[in-house]
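So you can see what is in the structure, the chains are spelled out below.
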Amino acid sequence: MVNCKLNQIFLGEVASIQNYGAFVRIPGCASQGLIHKSQVSSAHVENVAEVLQRGERVWCKVISVGDDGKVGLSMKYVNQGNGTDLDPNGVDLQRDIQKKKTIGKYERKAIHLEAVLNTTCTKCGTVGHLSNDCFMSPDGKKYELIPENEEVVPLQSEENEKEKKHKQKKLKKKRKAKKHKQNTDDSGSDEKEVIKKKKKKHSKDQKKKKKRKYDSSFSDESSDDSSSSHDVKAHKQKQFESSEKRAKKCKHSKSKYPDR
């Protein structure tokens, strides 16, 4: 214990490793010193076993010696290569100590709202504001605040009712539009059917007219053919009769003049 002094630097051996730090053997002392995990490195160390191993030799600096014989050691204030002191004046050590104290003693204070003005209102008679800033009605009526639970429920119900009405209106509009489309489609289909029927009738009438014309023309041709055949027959009869007459004349002439 006599040989352990503050700011002393030595090369020690790691005796054991715990969750909160590592114990190091101090040469010339029977007791061991503790290196807290916050003093192992300038960077944050969560698990000391990942940085140090048992039996490893490290450079340490004595930063605290307690009345009960406990010795506090640090590695981050010593160069681990050659053992030089990185904080000879102890400035960084004091800064770290102050940070721990301020973090431990810091507490949030409760905010208390009090009246800003020590005056009484002439309208309502309450303390803390002037008559110009008073919200009391000129009739003297007073209104009580509605509890929060009663405020939320009707607002939600009103919003739900508004949404339902809006949805119902949309549905009605859609139904009307569908009916209108169906009516227009039906009327259009009816008109199409009427047009088709008219076209069919017109085509039938045209066919009938064509048939009539054809029949009439055929009858005229047949009548012409019959008349022409009748004329031919009459002409042939006339020729036959004329030839018979000639033959009779020739016979009569032979009978009169046989010598010729």
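Residues numbered from 1 in each chain as written. Predicted model: local features only at pLDDT ≥ 70, side-chain atom pairs only at ≥ 80, totals over all residues. Heavy atoms only, no water.

1. Overview of the nonpolar core
Then, number 1: Grouped together as the largest cluster of nonpolar side chains are 17 residues, with contacts concentrated most on I35, L52, C60, L73 and M75.
Then, number 2: Breaking this core down by element, the ones donating at least two residues are β1 (9-17), β2 (21-25), β4 (57-65) and β5 (71-74).
Then, number 3: Per-element accounting of this core gives the leading share, three residues, to β4.
Then, number 4: Discounting residues that sit within four places of it in the chain, I35 has contacts with Y20, G21, A22, V24, V40, C60, L73 and M75. (Core = buried A, V, L, I, M, F, W, Y, C linked by side-chain atoms within 4.5 Å. Buried < 20%, exposed > 50% of the residue type's maximum accessible area, 1.4 Å probe, protein only. Helix = DSSP H or I, 4+ residues; strand = E, 2+ residues; numbered from the N terminus. Contact = heavy atoms within 4.5 Å.)

2. Quick look at the pattern of salt bridges
Then, number 1: This model, assessed by the stated rule, comprises four salt bridges.
Then, number 2: Residues D92 and R95 are paired through a salt bridge, measuring 4.0 Å at the closest nitrogen-oxygen approach. Here the residue D92 and the residue R95 both occupy positions in helix α1 (residues 91-105), the gap between them amounting to three residues, near one helical turn. (Salt bridge = Lys/Arg side-chain N within 4 Å of Asp/Glu carboxyl O.)

3. Comments concerning the sheet that holds β1
Strand pairing in a sheet takes place through backbone hydrogen bonds and is either antiparallel or parallel in direction.
Then, number 1: Spatially, five strands are ordered β1-β2-β3-β5-β4 in a closed barrel, and the strand pairing comes out mixed. For this sheet, the mean angle separating the axes of adjacent strands, direction not counted, is 55°.
Then, number 2: Direction of pairing for β1 relative to β4: antiparallel, over a ladder of five bridges. Opposite L11, over in β4, you have W59 as the bridge partner. (Pairing = 2+ DSSP bridges. Axes fitted to C-alpha atoms, helices over the stretch in contact; angles between N-to-C directions.)

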